[in-house]
Amino acid sequence: MKPLTEQEIRAAFVNCTKGEAKRLSVPRDLADRPWDDLDYLGWRDPQAPDRAYIVAELDGGPKALQLRCPSATSGQLRRSMCSMCVTTHTGGVSLMVAPRAGKAGQQGNSVGAYLCSDLACSLYVRGKKDAGVGGRLRESLTLEEKIQRTVRNLAAFIAKVTA
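First, a word on what this report is: a plain description of the structure on this page. As the structure is a prediction and not an experimental result, all values here were calculated from the model.

**As for the nonpolar core**
Residues I9, F13, L41, W43, L67, L115 and F157 are the most contacted members of the largest nonpolar core, which totals 46 residues. Taken together, the elements giving at least two residues each to this core come down to β1 (40-44), β2 (51-58), β3 (61-68), β6 (93-99), β7 (110-116), α4 (121-125) and α5 (143-162). In terms of residue count, β2 provides more of this core than any other element does, six residues in total. The contacts of F157, once residues within four sequence positions are left out, are L65, L67, M84, M96, A98, V111, G112 and A113.

Right, here's the structure in full:
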């Protein structure tokens, strides 16, 4: 992924108003992110723990989503699988819900997916971050094929939000 500026990120949101995009918390460490290892930029909002954001390069430009998620894990710590990167975690996967873009979102419609709670799918796929014992299933896919699968899954999720 190519490095993005704060202004590019704010302009890329497709499922919130321009005012909401202007007020949301963008990471201050954009220059320090491992851009070469990222398929998308994802972060949790430190001021609003029930909010998360994803920015991906699709169709020649960035597209960003605002997500709602649980602020804290409940007492149940069970093993779950991320629907984007197919990494399993004990208590490290959250249902994240995106309001649909446009009129459908204004009417309260949303789309959900189970994602790594820390939104570090790209790093788990590449082995740069450890999900613990059994976190990555043994697969016959190459690293490039795993990366392509993650990108396809994310593109499909974004397409559902923008449809």
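Picking up after the structure, the text goes on.
**Focus on the layout of surface pockets**
Looking at the second largest pocket, its volume works out to about 170 Å³. At three residues, the largest contribution of residues to the lining of the second largest pocket is made by helix α3 (residues 102-106). Considered class by class, the residues forming the lining of the second largest pocket number four nonpolar, six polar and two charged.

**Notes on α5**
With 20 residues, α5 extends 29 Å from end C-alpha to end C-alpha; this agrees with the ideal 28 Å at 1.5 Å per step. For α5, the full list of buried residues reads K146, I147, R149, T150, L154, F157, I158 and V161. Each buried residue of α5 sits inside an arc of 165° when the element is viewed along its axis, so together they form one side. Turned more than 90 degrees away from the buried face of α5 sit R152 and K160, all of them exposed. Elements that come into contact with the buried residues of α5 comprise β1, β2, β3, β6, β7 and α4.

**A word on the packing of aromatic side chains**
In this structure the tally under the stated criterion is two aromatic pairs. Taking the centre distance of 5.8 Å and the plane angle of 90° together, the rings of F13 and Y53 count as edge-to-face. Taken together, the positions of F13 in the loop between α1 (6-11) and α2 (18-23) and Y53 in strand β2 put the pair 40 residues apart, joining distant regions of the chain. Accessibility assignment for this pair places F13 and Y53 in one class, buried. Between the aromatic rings of W43 and Y53, the centroid separation amounts to 5.2 Å while the plane-to-plane angle is 35°, which identifies the pairing as tilted. A residue pair is termed long-range when its members are at least 10 positions apart, and W43 in strand β1 and Y53 in strand β2 qualify at ten residues. Summarising the burial analysis for this pair, W43 and Y53 share the class buried. Through a chain of ring-to-ring contacts, the aromatic side chains of F13, W43 and Y53 assemble into a single cluster.

**Remarks on the environment of G132**
Position of G132 among the secondary structure elements: in the loop between α4 and α5. What makes G132 partly exposed here is its relative accessible area of 35%. The spatial distance from the C-alpha of G132 to the C-alpha of T90 is 8.7 Å, given a sequence separation of 42 residues.

The rules we used
- Residues numbered from 1 in each chain as written.
- Predicted model: local features only at pLDDT ≥ 70, side-chain atom pairs only at ≥ 80, totals over all residues.
- Heavy atoms only, no water.
- Core = buried A, V, L, I, M, F, W, Y, C linked by side-chain atoms within 4.5 Å.
- Buried < 20%, exposed > 50% of the residue type's maximum accessible area, 1.4 Å probe, protein only.
- Helix = DSSP H or I, 4+ residues; strand = E, 2+ residues; numbered from the N terminus.
- Contact = heavy atoms within 4.5 Å.
- 1 Å grid on protein atoms, 1.4 Å probe; cavity = no way out; pocket = protein on both sides within 12 Å on 5 of 7 lines; lining within 4 Å.
- Points joined across faces, edges and corners; volume = space filled by probe spheres on them.
- Nonpolar A, V, L, I, M, F, W, Y, C, P; charged D, E, K, R; others polar.
- Expected span 1.5 Å × (residues − 1).
- Arc of directions from axis to C-beta.
- Phe/Tyr/Trp six-rings, centres within 6.5 Å; stacked < 30°, edge-to-face > 60°.

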